[in-house]
Amino acid sequence: MRAVAAGLTDVGLQRDHNEDSFAILQDHELYIVADGMGGHRAGDVASKLATEAIVDFFRATAAEDFTWPFHFDSRMSEEENRLLTGIKIANRQIVERSSRSRECHGMGTTVVGALFSGRKGKMYIGHVGDSRAYRVRGGEIRQMTRDHSLVNDYLLAMPELTEEQKSELPKNVITRALGMQEHVSVDLQGDDATIGDCYVLCSDGLSGMIEDSEILDIVSKSPSIEEACRKLIALANEHGGEDNITAVLVRIEEEPSPGGTQKVSLSDTLPTTLTASTRQGDTKPDDAHADTPPAGEAKPKS
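Since we're looking at a predicted model, the values are computed, not measured.

## Observations regarding the pattern of salt bridges
Enumeration according to the criterion identifies 13 salt bridges in this entry. Between E79 and R119 there is a salt bridge; the shortest N-O distance is 3.7 Å. With a gap of 40 residues between them, E79 in helix α2 (residues 78-100) and R119 in the loop between β4 (108-117) and β5 (122-128) connect regions that are remote in the sequence. The exposure class of E79 is buried, given its relative accessible area of 12%. With relative accessibility at 70%, the residue R119 sits in the exposed group. Here R251 and E253 are joined by a salt bridge, their closest N and O atoms 2.5 Å apart. The burial state of R251 is the same as that of E253; both residues are buried. Members of the salt-bridge network, linked through shared partners, are R2, R251 and E253.

Set out below in structure tokens:
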């Protein structure tokens, strides 16, 4: 099996700049979405730092003599260790930049990363925050990640909360993100992939504006993953486009036979990291960012 991918990001209808970033590193079958936060436009700095740090680490570890900056956990696979370490490096760089720069103080970013191993037939997913990963398979959609949000933390502690009680909780507060603390806890999982699976990585500007059933419908019926990306972002904008919107779709295919004709995906020609919005000309006012709490506290996302 092999993975092919395509991605797109959009500023949305109510922002004047894009704080989302994504990366497609096809040589390593690595895919990342990050959603930045912080005052003084520091959110875009944080999300770019995250994607670039993870990509740089994967490229550097292609050399056998590279020394890993964090302990290799023998209880986990090499793929899990690489994804975990890349995210930890990103967190460290964001914390260091935040401490050095007044303009970047308190910045942070969510991140969701997917690493495919064709040899093992597994998709490894790591995430921090509320950027999500979904899997579309056989006409069904499954959310693979759990949002690190105040609402979800309350539901874990008090699952008997009524709908009225849940409605009183702030929905834009995340409890875990890169840059919040010197050490970050990363949720990791490995999923047995099958040919035809499509994994959707997205910022909450997408998942917060359209229903899971709508994601399923678009991904299942679109003729290509590139077209599905465009339709997902268009629908999120039709529903209000309240935040930046990013989608990266990863489809699992059968490896072409040697000497056969190989289909070239748009993702094969994409730059490693794309952060430019498709709506750069928009000048709609951005919502004011809330003051960033001290490191370690839950942060409201703008």
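## Focus: the confidence of the model for the protein
Chain-level statistics for the protein give a pLDDT mean of 85 and a share of 84% at 70 or above. When the criterion is pLDDT under 50, residues 261-297 qualifies, and its contacts beyond four places in sequence or with other chains add up to 81 contacts.

## Quick notes on the side chain of N244
Relative to the elements of secondary structure, N244 occurs in the loop between α7 (225-238) and β11 (245-253). A distance of 2.9 Å separates a polar side-chain atom of N244 from the backbone oxygen of V11. Polar contacts involving the side chain of N244 include one to the main-chain carbonyl oxygen of H17, which spans 3.2 Å. Excluding residues that lie within four positions of it along the chain, N244 makes contacts with D10, V11, R15, H17, N18, E19, D20, S203 and G205.

Rules used in this analysis
Residues numbered from 1 in each chain as written. Predicted model: local features only at pLDDT ≥ 70, side-chain atom pairs only at ≥ 80, totals over all residues. Heavy atoms only, no water. Salt bridge = Lys/Arg side-chain N within 4 Å of Asp/Glu carboxyl O. Helix = DSSP H or I, 4+ residues; strand = E, 2+ residues; numbered from the N terminus. Buried < 20%, exposed > 50% of the residue type's maximum accessible area, 1.4 Å probe, protein only. pLDDT = per-residue confidence, 0-100. Contact = heavy atoms within 4.5 Å. Polar contact = N/O pair within 3.5 Å; in protein donor to acceptor, adjacent residues only side chain to side chain.

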